[in-house]
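Residue-level structure breakdown
The lines below spell out each chain.
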Amino acid sequence: MTSRTTIARLSVACALAFPAMLLAQSKPLITPKDYGKWEQLGAPRLSPRGDWVAVPVTRVSEENELRLRGVSRDTTIVVAYGTGAVFSPDSRWVAYAIGVSPKERERLTKDKKPVHNSFEARNLVTGTTISVSDVSAFAFSPDGRFISMTRYPAEGKKTSEVLLQDLANNVRLTFANVSDQAWADAGALLALTIDTDGGAGNAVQLYDGRSGAMRVLESSNSQYRALAWRPKSTDLAVLRTNIDKAYRDTAHVLLAWTNVGGGEGAALRLDPAVGSTGFPAGTRIADYRRPSWSRDGRVIYFGVRKREPVADAIKKSDEKVSDVEIWHTNDVRLLPQQKSAENNDLRATMLSAWRIGDNKVVQVGTDVNEPSTILEGGRFATEIDRKPYAWGWKFGRDDEDVWVVDLASGERRKVLEKVRHYYGPDPMGTKLAWSDGKDFWAVDLATGKKTNLTAPLTSSKRADFVDHDDDHPNNVAPIINPAGWTKNGDAFLAYDTYDIWRLALDGSGGTKLTDGAKEGVIHRLANFAPFNAPVADRALDLSKTQYVSLRGKKTKQTGFARLSPDGKIQRLVLADTGFGLAAPADSAPVIAFQRQRYDTPPVLRVGTDYATAKTVVETNAQAKDYAWGKVEMFNFNSTIGVPLQALLYYPANYDPSKKYPMIVYTYELLTQGLHNYIVPRESDYYNATVFTQNGYFVLMPDIVFRPREPGLGTQQSVDAAVRSVLARGIVDPARVGHVGHSQGGYEAAFLGTHSKLFATTVVGSGITDMISFAGQLHWQPGSAEFDHWETGQFRMQVAPWEDMKAMIDNSPLAMVDKMPVKAMLLEAGSDDGTVDPRQASLFYNYARRAGKDVVLLMYPGEGHGLQKKENQLDYERRILQWFGHYLKGDPAPAWIANGQTALERRALLDANKDGPVQAGAPAVVRP
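This structure is a prediction, so every number in the text was calculated from the model and none was measured.

The rules behind these values
Residues numbered from 1 in each chain as written. Predicted model: local features only at pLDDT ≥ 70, side-chain atom pairs only at ≥ 80, totals over all residues. Heavy atoms only, no water. Helix = DSSP H or I, 4+ residues; strand = E, 2+ residues; numbered from the N terminus. Rg over C-alpha atoms; globule rule 2.2 N^0.38 Å. Buried < 20%, exposed > 50% of the residue type's maximum accessible area, 1.4 Å probe, protein only. Contact = heavy atoms within 4.5 Å. Areas by Shrake-Rupley, 256 points an atom, 1.4 Å probe, with all protein chains shown as cover. Lys, Arg positive; Asp, Glu negative; His and termini not counted. Charge placed at Lys NZ, Arg CZ, Asp CG, Glu CD. Pairing = 2+ DSSP bridges. Axes fitted to C-alpha atoms, helices over the stretch in contact; angles between N-to-C directions. Salt bridge = Lys/Arg side-chain N within 4 Å of Asp/Glu carboxyl O. 1 Å grid on protein atoms, 1.4 Å probe; cavity = no way out; pocket = protein on both sides within 12 Å on 5 of 7 lines; lining within 4 Å. Points joined across faces, edges and corners; volume = space filled by probe spheres on them. Nonpolar A, V, L, I, M, F, W, Y, C, P; charged D, E, K, R; others polar. Phe/Tyr/Trp six-rings, centres within 6.5 Å; stacked < 30°, edge-to-face > 60°. Lys NZ or Arg CZ within 6 Å of the ring centre and 35° of its normal. Expected span 1.5 Å × (residues − 1). Core = buried A, V, L, I, M, F, W, Y, C linked by side-chain atoms within 4.5 Å.

**What to know about the overall build of the protein chain**
The number of helices and strands found in the protein chain is 18 helices and 55 strands. In terms of overall dimensions, the protein chain is globule-like: its C-alpha atoms have a radius of gyration of 31 Å, near the 30 Å expected for 927 residues. For the protein chain, with 927 residues in total, the buried portion stands at 52%. Contacts in the protein chain between residues at least 24 apart in sequence constitute 54% of all its contacts with a sequence separation of at least 6. For the protein chain, the computed accessible surface area is about 43500 Å², with 51% contributed by carbon and sulfur atoms. Separation between the mean location of the 111 positive side-chain charges and that of the 107 negative ones in the protein chain comes to 4 Å.

This is the structure:
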């Protein structure tokens, strides 16, 4: 046992140490003039051999840079304003774009001049650099010997100058009047389409880098468009215009060369004008869809649209025509949505396939508004049909049929009906996968046989693939998005709450590859392929080592592991840190990963293993010189007993002897951001770090909902979280405020009119009236609000008239006259296309009529989020002034106390219309 003397000594020691500890923690606060120093890491890119890494570093000041770091050496090259780094396939070169400084961009924009990037390539062995101005794009040849650089088009021109640099011999070629270009997948073959004034020099040309020879594959007065190489081959396709004055549109001829690198053969031609077996009557080949090849080179896919004869053109009326819009109840897409998508609709095509061997065309797509997909192997294609379920697509219940087309016979048949969760084809192009909201299924396209892949698992309750964390009400249960197919198509990879399952395709069940449920750790396969990559490229090869991301469902720990081909899982790291894994090197066992915590700036580490990885990039060295808060996560139960979690950020230079004001920020689930390093910036007007630097606690509680309770669910969660913090005695109960945006803005409006825990709330672009908004539109995309209302964020489940009580119970406006907060600040953009700004003005007027204190900030020309820097800064500063007055007792600025008249605002704008006063420049004085 510890003696009383020892306890006394410890007490004295602690008492003496405590003030010293506070003194040691007391550092300068971060002020807006300091924000510009703060840095964030962009996505890193490893060289193919893993010996170099390129990572963009962005700063709040916009003085951004690209850092090139040698992994095995202490060599760091900093490129001011560098972006988009790409390594050559042999890792000898790196190329990148170079932008302009913020001041130069501002000057060019003010002078209405274009802002152009320049280009630089750097030899990582010798240090030699190649620089070219005014380059819009660049690409290495697959062998790494050449790089093509595309210059910006001259004013009024559509073609560009292309520079081709021989990196081995330092020789540069120039090609003029280039409209399109593309490297073959192998070697150094560059195809170009040339488009000259008058058309006399129009051609498809081929440059062979190995021989230095330039060939003209075809020339004519027509235009050539949409070059397309067959993957891993030297087969080339292109479209050639075929203008017919009888039509208002432009048709095309499809040209193809096989083994063009060998100089063999003339072009194959698909010309609908001279007749082709199976070509869809009354259609044309359109250039909106670039041609693509089957992997075996036997089929070329292209898009068609209906022809538009001049004779069918709408005749001009003898009288002025009304610009009335006709909105019909049968419109699946509302007229505003159709107008918003007009350009896409005009460029939509129906997919068709040209079988080169027998010169036959098979039509796949039958509706330009429905997506079609070519399956791997070139045997089948699919088309989605949503028309039978028009009512559901209007209101957030998105079912579809799937049709399959046999490209050999042309047979078309429906293989799936009324599917909600469709996951597409396997890498072999012979099966499709989907879920019915409980089980995963697969259908064999050759036989039509459908197999339930998970019945043995779900019926025995060994596995449950439903996403129970998704609380959106719908008539089909949500499914945890699966990993997809294995590389050879022999299995389907799915997830339950914690683990990865390999599902057998014969319906016998599956194998659990991980054991995350035991510790409550979520395991997910890391897929580094682009989301829009072909199915075969996104499929996962379990015969090779795969990386697995880890996340503690409750602890929020993160990390990663390796899944070896023998099925063993090796945990590399799992810690109270935020880890982000980048794509491994192409030809070396090297990984790159970022790690960060709220109180630890991001760093980048690279190595062959986690334990031996080397820190190659660090950020925010200045952070150690400033005060910084901390964040903790805590558990609580909502007022109806639902277990939840919340984040609590402490004020910088926190003094436990004080009671502080607190700002609550909400937007559904936020605790997954526990380890995010939040850079202070004024343009991020709800920035937690800025709030903590200004002496506030910041609370971010998770919110879960039951159907028809978006407001009540918010209060049930948030009130309980606030009371949990107040019970600690660290926050002054009279000085709690709330802020939120969009759905969070609705939450702020609801809490401000229903909860008695808040002194004030700030409503950013929020919904305030349930009844009027339910029938509104998302004006920017032009879509109806009801899907968002019933099955989306508002979770109202039914039409308003089916539960009008729920509409009233969850409406901020319904309680405006009883609003318990002292005052409410509303923000809206006058051109908000997501939440109609009249939601803000409606509440403002009701509150005025009810005698409540409200201020509305209306930003002209702004949308759902503020885009102009001056408006971002203005709003952020007004939020701080608002909370400063209502939570800290600071004197109210004039705009809070008395507002500002239109004439006063105009005078201020007129006085500053020439821009801010530059350092050292005299102020502009006007009479």
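**A few points about the pairing of strand S17 (residues 224-229)**
Within S17, five of the six residues are buried, which leaves it mostly tucked inside the rest of the structure. Where S17 lies against strand S18 (residues 236-242), four bridges are found, and the strand directions are antiparallel. Note that in S18 the partner of Trp229 across the bridge is Leu236. Adjacent in sequence and paired antiparallel, S17 and S18 are bridged by six residues, among which Lys232 carries a positive phi angle near 55°.

**So, the sheet that holds strand S9 (residues 129-132)**
The sheet built from four strands is open, its strands ordered S6-S7-S8-S9 with antiparallel pairing. Among the strands making up the open sheet, the edge pair consists of strand S6 (82-87) and S9. Pairwise comparison of adjacent strand axes, ignoring direction, gives a mean angle of 15° for this sheet. Here strand S7 (residues 93-98) pairs with strand S8 (residues 118-123) via six bridges, running antiparallel.

**Some thoughts on the pattern of salt bridges**
Tallied over the entire structure, the rule returns 58 salt bridges. Ionic pairing is found between Arg412 and Glu383, a salt bridge with its closest N-O pair at 2.6 Å. Remark: Glu383 occurs in strand S27 (residues 380-385) and Arg412 occurs in strand S29 (residues 412-419); sequence separation between them is 29 residues. A residue is classified by how much of its surface remains accessible, and Arg412, at 32% relative accessible area, is partly exposed. A salt bridge links Asp490 to Arg502, with the nearest nitrogen and oxygen atoms 2.9 Å apart. Note that Asp490 is positioned in the loop between strand S34 (484-485) and strand S35 (491-495) and Arg502 in strand S36 (residues 500-504), a separation of twelve residues in sequence.

**Remarks on the layout of surface pockets**
A volume near 1700 Å³ is recorded for the second largest pocket. Surrounding the second largest pocket, 47 residues form its lining, Phe531, Ala533, Pro534, Val535 and Arg538 being those nearest its centre. Residue assignment for the lining of the second largest pocket shows that the elements contributing at least two residues are strand S22 (292-293), strand S23 (299-306), strand S26 (372-374), S27, strand S30 (421-425), S34, S35 and helix H8 (535-538). Looking at the lining of the second largest pocket, its residues break down into 26 nonpolar, twelve polar and nine charged.

**Topic: the sheet that holds S29**
With antiparallel pairing, four strands are arranged side by side in an open sheet as S26-S27-S28-S29. Since the sheet does not close on itself, it has two edges, and those belong to S26 and S29, each with one partner. Across the sheet, the axes of successive neighbouring strands diverge by a mean angle of 20°, strand direction being ignored. Pairing of S27 with strand S28 (residues 400-406) involves six bridges; the strand directions are antiparallel.

**Re the packing of aromatic side chains**
A full pass over the atoms with the stated rule returns 44 aromatic pairs. An aromatic cluster is built from Trp38, Tyr598, Tyr626, Trp628, Tyr649 and Tyr677, whose rings are joined through pairwise contacts. In this structure, Arg386 is placed above the aromatic ring of Trp393, and the distance from its NZ or CZ to the ring centre is 5.3 Å. The ring of Phe634 carries the charged tip of Arg728 above its face, separated from the ring centre by 4.9 Å.

**What to know about helix H11 (residues 743-754)**
With twelve residues, H11 should cover 16 Å at 1.5 Å per step; its first-to-last C-alpha distance of 16 Å lies within 8% of that length. Buried residues of H11: Gln743, Gly744, Gly745, Tyr746, Glu747, Ala748, Ala749, Phe750, Leu751, Gly752, Thr753 and His754, and no others.

**Re unusual backbone geometry**
For Asn653, which is not glycine, the phi dihedral falls at a positive 55°. Looking at the element boundaries, Asn653 is found in the loop between strand S47 (643-649) and strand S48 (660-665). On the basis of relative accessible area, Asn653 is assigned to the partly exposed category, the value being 24%. Phi is positive for Ser765, close to 45°, though the residue is something other than glycine. Tracing the backbone through its elements, the reader meets Ser765 in the loop between strand S51 (760-764) and helix H12 (770-774).

**Brief notes about the nonpolar core**
With 44 residues, the main nonpolar core has Trp38, Tyr875, Trp882 and Phe883 as its most contacted residues. Counting only elements with at least two residues in this core, the list comes to S47, S48, helix H9 (688-693), strand S49 (697-701), strand S54 (823-829), strand S55 (854-859), helix H16 (869-888) and helix H17 (894-897). Here Trp882 is in contact with Thr760, Thr761, Val762, Ala823, Met824, Leu825, Val855, Trp895 and Ile896, once residues within four sequence places are set aside. Grouped together as the second largest cluster of nonpolar side chains are 38 residues, Phe634, Val718, Val736 and Leu813 included.

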